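Now for the letters of each chain:
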Amino acid sequence: MPTAIAVTSADLALPPQDERTLPAVVLKDLDRRPLEQVLAEVTAVLEAHGHLVVVHSAAAPAAVERRLRTVRSLLETDRIALLTPGLPPLGVAVLARQLRQLASCDLGPGVLASAGRLLTHYIHAGALLGSVTRLDRIPVDLKAHAKSWLPGSQFAVVAHPQPQLVRLAPGASLAGPEFATWMLTAKGQLQSDWVTGTLGPSWKVQGLRETALPAESAAWWGTGKLIEFCSYLPDLSVLYQLVGSVRRGVCHWCGIDVIGDRCVFCSATAPAPPPDRHHQLTAG
């Protein structure tokens, strides 16, 4: 049975990228529904899929995070992984869809959940903003703050993988990925064709798609006057090859295969390697 990939709002459940992309489980209104109802829903998902990976934005209400941790604690299970990648909401949605693609492959739940951290490195996420006065997710110098008060000012920002911020002007550019990607855009209350007409071609994207702006984007970026964008690897074969090329280990606590030094399900870290006995004898 495939591992379930869940998101915390319907606007983070993007349309399938290909015919193998599995549907997302939408755990909506977690902070507003009765706890018993949420527990029943998550229990049913675990019974049907065995393991559950929940991908949610850091801009989600704090009550959502608390409810997720409460549910996992009450169920006393190591079969729920909570991923909060350092990405803006549109990037979170893209990452969740990539995991939904990989969920159709022969990857164990521990490897699939760990792949979320790996694939985050290949996502370039940013936005075109009408103001940076309330942007606190990336460094903004005083000069940019001052210019944001000028009528008509717009700023091009990359939040991940490396922060970048430029005031939009002729010749303005952002460093992009050094590999082939597609780009997804989502429009807020800002009118501009710079992202699709200038940025996309400069990043040599191979495809452009548009989707609805996630509800949490305005809170993440500090303004509703924005156009969010995200470039990503769309092909399942490439994603699978990336995950398959990373060395796997076995969690010493729960026994599942993982990537990296920490199990995303039980949070156990790999034990430190034993000291080199030869080195000890030599030093002695």
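Structural data are supplied above this passage.
Thresholds applied
- Residues numbered from 1 in each chain as written.
- Predicted model: local features only at pLDDT ≥ 70, side-chain atom pairs only at ≥ 80, totals over all residues.
- Heavy atoms only, no water.
- Helix = DSSP H or I, 4+ residues; strand = E, 2+ residues; numbered from the N terminus.
- Buried < 20%, exposed > 50% of the residue type's maximum accessible area, 1.4 Å probe, protein only.
- Contact = heavy atoms within 4.5 Å.
- Areas by Shrake-Rupley, 256 points an atom, 1.4 Å probe, with all protein chains shown as cover.
- Pairing = 2+ DSSP bridges.
- Axes fitted to C-alpha atoms, helices over the stretch in contact; angles between N-to-C directions.
- Core = buried A, V, L, I, M, F, W, Y, C linked by side-chain atoms within 4.5 Å.
- Salt bridge = Lys/Arg side-chain N within 4 Å of Asp/Glu carboxyl O.
- Parallel < 35°, antiparallel > 145°, perpendicular 65-115°, else oblique.
- Nonpolar A, V, L, I, M, F, W, Y, C, P; charged D, E, K, R; others polar.
- Phe/Tyr/Trp six-rings, centres within 6.5 Å; stacked < 30°, edge-to-face > 60°.

Undergrad: Explain the overall build of the protein residue by residue, including any values.
TA: If you tally the helices and strands in the protein, you get 9 helices and 12 strands. Across the 284 residues in the protein, those meeting the buried criterion constitute 49%. Residue pairs in contact within the protein that sit at least 24 positions apart in sequence constitute 72% of those at least 6 positions apart. Accessible area for the protein stands at about 13900 Å²; split by element, carbon and sulfur atoms hold 54% of it.

Undergrad: Give a detailed account of the sheet that holds strand S4 (residues 80-83), specifying residues and quantitative values.
TA: Pairing is parallel in the open sheet, where 4 strands are placed in the order S2-S1-S3-S4. The open sheet terminates on both sides in strands that have one partner only, identified here as strand S2 (25-26) and S4. Summarising the sheet, strand S1 (residues 4-7) and strand S3 (residues 52-55) pair through 4 bridges and their orientation is parallel. Following the sheet pairing, Ala6 is matched in S3 by Val54. Sitting on the sheet, helix H2 (residues 62-75) is in contact with S3 and S4, with an inclination near 160° to S4.

Undergrad: Break down the nonpolar core for me, with residues and values.
TA: Soluble globular proteins tend to bury their nonpolar side chains together. Val53, Val55, Leu99, Leu102 and Val243 are the most contacted members of the largest nonpolar core, which has 45 residues in total. Per element, the largest residue contribution to this core is 8 residues, and it comes from helix H3 (residues 89-102). In contact with Val243, other than residues within four places in its own chain, are Leu102, Leu107, Val111, Ala115, Leu118 and Ile259.

Undergrad: Could you give me a rundown of the sheet that holds strand S5 (residues 124-129), with the residues and numbers involved?
TA: Pairing in this open sheet of 6 strands is mixed, and the strands run S7-S6-S5-S10-S8-S9 from one edge to the other. Either end of the sheet is taken by a strand with one partner, and the two such strands are strand S7 (164-167) and strand S9 (208-212). Pairwise comparison of adjacent strand axes, ignoring direction, gives a mean angle of 20° for this sheet. Across the sheet, H3 lies against strand S8 (182-187), S9 and strand S10 (226-232), angled at about 30° from S10, the strand it touches most. With respect to the sheet, helix H6 (residues 194-202) is in contact with S5, strand S6 (155-160), S8, S9 and S10, its orientation differing from that of S8 by roughly 155°.

Undergrad: Go over the pattern of salt bridges with me, naming the residues and quoting the values.
TA: Oppositely charged side chains may form a pair once their charged atoms are brought near each other. Under the definition given, this model contains 3 salt bridges. Its salt-bridge partner being Arg33, residue Glu41 comes within 2.5 Å of it at the nearest N-O pair. Glu41 sits in the partly exposed class, given a relative accessible area of 23%. Note on Arg33: relative accessible area 17%, which makes it buried. The salt bridge partner of Arg69 is Glu65, with a shortest N-O separation of 2.6 Å. Taken together, the residues Arg69 and Glu65, both in helix H2 and 4 residues apart, mark about one turn of the helix. Given the relative accessible area of 21%, Glu65 is considered partly exposed.

Undergrad: Pulling in residues and values, what's your account of the packing of H3 against helix H8 (residues 236-244)?
TA: The N-to-C vectors of H3 and H8 enclose an angle of 85°; their axes lie 10 Å apart at closest approach. Here H8 runs roughly perpendicular to H3, going by the angle between their axes. Mapping the contact onto sequence places Gln98, Gln101 and Leu102 in H3 and Leu236, Leu239, Tyr240 and Val243 in H8. Looking at the contact of H3 with H8 residue by residue, the class counts come to 5 nonpolar, 2 polar and no charged.

Undergrad: So what's going on with unusual backbone geometry? Which residues, and what values?
TA: Along the chain, His160 connects to Pro161 via a cis peptide bond; the corresponding omega equals 15°. Tracing the chain through its elements places Pro161 in the loop between S6 and S7. For Asp29, which is not glycine, the phi dihedral falls at a positive 50°. Along the chain, Asp29 falls in the loop between S2 and helix H1 (35-49). One non-glycine residue, Glu76, lies in the positive phi region at around 45°. Checked against the element boundaries, Glu76 lands in the loop between H2 and S4.

Undergrad: Just give me the short version of the side chain of His51, but keep the residues and values in it.
TA: You can see His51 is positioned in the loop between H1 and S3. Overall, His51 belongs to the buried group, its relative accessible area being 18%. The residues touching His51, leaving out its near neighbours within four places in the chain, are Thr3, Ala4, Leu46, Arg79, Pro109 and Phe265.

Undergrad: Explain the packing of aromatic side chains residue by residue, including any values.
TA: Two numbers describe a pair of aromatic rings. These are the distance of the centres and the angle of the planes. Overall, the coordinates contain 3 aromatic pairs when judged by the stated rule. An angle of 80° between the planes, with centres 5.9 Å apart, marks the rings of Trp203 and Phe229 as edge-to-face. On the criterion of sequence distance, the pair formed by Trp203 in the loop between H6 and S9 and Phe229 in strand S10 is long-range, its members being 26 residues apart. On the basis of relative accessible area, Trp203 is assigned to the buried category, the value being 5%.

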